[in-house]
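# Coordinate inspection notes
If you want the building blocks of each chain, they are given just below.
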Amino acid sequence: MAANIQLVFYRKDGSDDILVKFLLQENETTLPIPTDCAPYYHWQDVKRFWAEHP
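It should be emphasised that the depicted structure is a prediction, and the values quoted were computed from it without experimental measurement.

## Description of the overall build of the protein chain
Of regular secondary structure, the protein chain possesses one helix and four strands. Listing each helix as α and each strand as β along the protein chain from the N terminus yields β-β-β-β-α. Looking at the protein chain as a whole, 17% of its 54 residues qualify as buried. Counting only contacts in the protein chain whose residues sit at least 6 apart along the sequence, the fraction spanning at least 24 positions is 15%. Accessible surface, the protein chain as shown: approximately 4300 Å² in total, 54% of it carbon and sulfur.

## A short note on the environment of His42
With respect to the helices and strands, the residue His42 is situated in strand β4 (residues 40–42). Those residues within four positions of His42 in sequence are excluded, and the remaining contacts are Asp17, Ile18, Leu19, Asp36 and Cys37. Among the polar contacts made by the side chain of His42, one reaches the side chain of Asp17 at a distance of 3.1 Å.

## With respect to the pattern of salt bridges
Per the stated rule, a full pass over the model turns up two salt bridges. In this structure, the salt-bridge partner of Asp45 is Arg48, at a minimum N-O distance of 3.0 Å. Pair noted here: Asp45 and Arg48 are both in helix α1 (residues 43–52), with a separation of three residues, about one helical turn.

## What about the nonpolar core?
With six residues, the main nonpolar core is built from Val20, Phe22, Ile33, Tyr41, Trp43 and Val46. Of all the elements in the fold, those that place two or more residues in this core are β2 (18–24) and α1. Look past the residues within four positions of Ile33 in its chain and what remains in contact with it is Tyr41, Asp45, Val46 and Phe49.

## A closer look at the packing of aromatic side chains
As enumerated under the stated definition, the model contains five aromatic pairs in all. Through successive ring pairs, a cluster of aromatic residues spans Phe9, Phe22, Tyr41, Trp43 and Trp50.

Cut-offs used in this document
- Residues numbered from 1 in each chain as written.
- Predicted model: local features only at pLDDT ≥ 70, side-chain atom pairs only at ≥ 80, totals over all residues.
- Heavy atoms only, no water.
- Helix = DSSP H or I, 4+ residues; strand = E, 2+ residues; numbered from the N terminus.
- Buried < 20%, exposed > 50% of the residue type's maximum accessible area, 1.4 Å probe, protein only.
- Contact = heavy atoms within 4.5 Å.
- Areas by Shrake-Rupley, 256 points an atom, 1.4 Å probe, with all protein chains shown as cover.
- Polar contact = N/O pair within 3.5 Å; in protein donor to acceptor, adjacent residues only side chain to side chain.
- Salt bridge = Lys/Arg side-chain N within 4 Å of Asp/Glu carboxyl O.
- Core = buried A, V, L, I, M, F, W, Y, C linked by side-chain atoms within 4.5 Å.
- Phe/Tyr/Trp six-rings, centres within 6.5 Å; stacked < 30°, edge-to-face > 60°.

What follows is the structure, given as structure tokens:
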């Protein structure tokens, strides 16, 4: 079986904050990461989570 995982990145012009949305089989999905803008996550929080949970 195959899976389709997509990471969609968003950045507003002039801003350093990058948001990312995760899609599994082209449907929005969530991660066990706290966020203040669901279904989007701050990229810095995602990188920190992945570094702490290899």
